[in-house]
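The lines below spell out each chain.
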Amino acid sequence: MFHSSSARRLAAFRFLAAAAMAASATFTAVGAVAQPSPAGASAPTTSTPPVLTYKSALEGYQPFDDGKPIPWKEANETVYRRGGWQAYAKEASGSGNAGAESPKSGAALPASPPSHSMAMPGMSGAPAKKDKP
């Protein structure tokens, strides 16, 4: 029967021997690939290399031009005449035609925007509950 330490030594020896043989085979294969080819095997070709041209990625670059800025009061008036932020929101969402509605003028706006009815007792528009005495 083998003693445990001798069995370990034998296993380690076998592992090292297998690793050495694998390394030897690898180095032999690499050495065969790295060998230069015989001089008469292939003659140098006389073709000319392709002509390389350089084209910059920034060749047609044009810096950003924001245009002439307008005064902020004029910009605000333009937005107001077009219908305010709601008109721009409709235009961005694609729902409806923002230009179909009449632009804002001196007409009175509705008292409250359309919304869900969530009236609470005691508030305007909702029936108030009467307490029993």
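Bear in mind the structure is a predicted one, so any value in this text is a computation, not a measurement.

How should I be thinking about the overall build of the protein chain in this particular structure?
On a plain count of helices and strands, the protein chain comes out with three helices and zero strands. The linear arrangement of helices and strands in the protein chain, starting from the amino end, is α-α-α. In the protein chain, buried positions account for 4% of the 133 residues. Working note: accessible area of the protein chain is about 13,300 Å², and carbon and sulfur atoms make up 63% of it.

Would you mind going over the packing of helix α2 (residues 72–82) against helix α3 (residues 84–93) with me for this structure?
Each pair of packed helices can be described by the angle between their axes along with the distance between the axes. Running from N to C, α2 and α3 point in directions that differ by 65°, and their axes come no closer than 6 Å. In this view, α2 runs roughly perpendicular relative to α3, as classed from their interaxial angle. Crossing of α2 against α3: the hand is left-handed. Taking contact as the criterion, the partners of Val79, Tyr80 and Arg82 in α2 are, on α3, Gly84, Ala87 and Tyr88.

The rules behind the values
Residues numbered from 1 in each chain as written. Predicted model: local features only at pLDDT ≥ 70, side-chain atom pairs only at ≥ 80, totals over all residues. Heavy atoms only, no water. Helix = DSSP H or I, 4+ residues; strand = E, 2+ residues; numbered from the N terminus. Buried < 20%, exposed > 50% of the residue type's maximum accessible area, 1.4 Å probe, protein only. Areas by Shrake-Rupley, 256 points an atom, 1.4 Å probe, with all protein chains shown as cover. Axes fitted to C-alpha atoms, helices over the stretch in contact; angles between N-to-C directions. Parallel < 35°, antiparallel > 145°, perpendicular 65-115°, else oblique. Left-handed = near helix turned anticlockwise from the far one by under 90°. Contact = heavy atoms within 4.5 Å.

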